[in-house]
Amino acid sequence: MVLETEGLPPREPALRLLSAGWASHAVRAMAALGLADHLAAGPRTPEELAAASRTHAPTLARLLRTLAALGLCATDGDGRVRLTPHGEFLRSDAPDSVRPYALALLAPHVERAWEGLPEAVRTGEPAFPRVHGLGFWEYLAAHPEEGAAFDAAMTGGAEERARALMAARDLAGVGTLVDVGGGQGRLLAAALTATPGLRGVLFDRPEVLPGTEAFLTGAGVRDRCELVGGDFFAAVPAGGDAYVLAVVVHDWPDEQAVAILRACHRAMAPGARVWLVERVVRPGDAFDRTKLLDLLMLVLFGAQERTGEEYRALLEAAGFGSVTVHPVEPPWSIVEAVRP
Ligand SMILES: C[S@@+](CC[C@H](N)C(=O)[O-])C[C@H]1O[C@@H](n2cnc3c(N)ncnc32)[C@H](O)[C@@H]1O
């Protein structure tokens, strides 16, 4: 279970769990108010922090008290507030910052979809389109600010996914790596930076690519990388030696997931490899954040997190063979398959 239960009164664990969402809102407020950025240079008094964040000092003190109880900041003996190591991840400039994630995935349009979880469980259908009248990706395309926030959130974890891919597979022998649904390009940039001689193709929805262009240029790898806009249900770029899909397949129900993998299969030459970078659900009742993400996938997309065997079945249904699951550092696994 996610919470310590030892020594608590019997009802307390259940009560703590049902207030866990309020804790998320406190973290989102910390992100929205930029508190970690204001504490980046070092400890400040609550009054200084209130002035810097343009907040109501006595109310900010209450939020800080809760954030300290959640372990994100702490109060020094002289009354000044500082970030804890966990709180450092809320800074905008932290490598693998979680601030964009807090802003995008606790945003009101996502929260409204969560309200539909009971109905999603009754029907197996995603809540998001029922609540908003549009699928998640169409909604982001129609709301560019929220689309940009989502792209930034995905970028946050992409560095970690790149490390997982490179820990499990040697990219040195790969001529061209195609990143399907590559988003802002952070995974591809990390792969290109670490692997001289590697070339990249980034494929994503056309509206995502201006952000990708800027990111790859800033990372100094734009000249080794082609950007292609399109729809991965229709076709993906041909000619890659390896195709990576990082947290893409989990966004889709089985039928669409197989359709995306089939489009990759059509584009690939025999012997080319596909690598899925995903959180693989492990058996048993232990707490694993992947199980909560599974419910988010249900609510947003009618999709799911999967076990290794479930990924194997999708890849085989799309025509791939030699499927292997390489567990890397939790939560990441690389599911590899070969185009026969
Ligand atoms: C969860 S994000 C993953 C981004 C990136 N691979 C990463 O590791 O951060 C899924 C990506 O799929 C892209 N996508 C969604 N529908 C698509 C479609 N029909 N064709 C191409 N890309 C699509 C989204 O734009 C988004 O960048």
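Our structure is the block above this text.
Conventions we followed
Residues numbered from 1 in each chain as written. Predicted model: local features only at pLDDT ≥ 70, side-chain atom pairs only at ≥ 80, totals over all residues. Heavy atoms only, no water. Near = heavy atom within 4 Å. Polar contact = N/O pair within 3.5 Å; in protein donor to acceptor, adjacent residues only side chain to side chain. Helix = DSSP H or I, 4+ residues; strand = E, 2+ residues; numbered from the N terminus. Salt bridge = Lys/Arg side-chain N within 4 Å of Asp/Glu carboxyl O. Buried < 20%, exposed > 50% of the residue type's maximum accessible area, 1.4 Å probe, protein only.

S.K.: Residue-level account of the site of the ligand, with values.
M.R.: Of all residues adjacent to the ligand, which total 17 residues, the nearest are R161, G181, D204, R205 and A246. Note that a nitrogen atom of the ligand is positioned 2.9 Å from one of the side-chain N or O atoms of D231. Within the backbone of F232, a nitrogen or oxygen atom sits 2.9 Å from a nitrogen atom of the ligand. Here the shell around the ligand takes three residues from helix 11 (residues 144-168), the largest share from any one element.

S.K.: Tell me about the pattern of salt bridges, and please be specific about residues and values.
M.R.: Where charged atoms from two side chains of opposite charge approach closely, those side chains can pair. Inspection of every chain in the model, using the stated rule, returns 14 salt bridges. Notably, a salt bridge pairs R163 with D96, separated by 3.1 Å at the nearest N-O pair. A residue pair is termed long-range when its members are at least 10 positions apart, and R163 in helix 11 and D96 in the loop between strand 2 (81-83) and helix 6 (99-105) qualify at 67 residues. Looking at R163, the relative accessible area reads 47%, which means it is partly exposed. The partner of R306 in a salt bridge is D254, and the shortest N-O contact between them spans 2.8 Å. Note that R306 is positioned in the loop between helix 15 (289-301) and helix 16 (308-317) and D254 in helix 14 (residues 254-267), a separation of 52 residues in sequence. Take R306: its relative accessible area is 0%, and that puts it in the buried class. Given a relative accessible area of 39%, D254 falls into the partly exposed group. Through salt bridges that share partners, E88, R91 and D93 make up one connected network.

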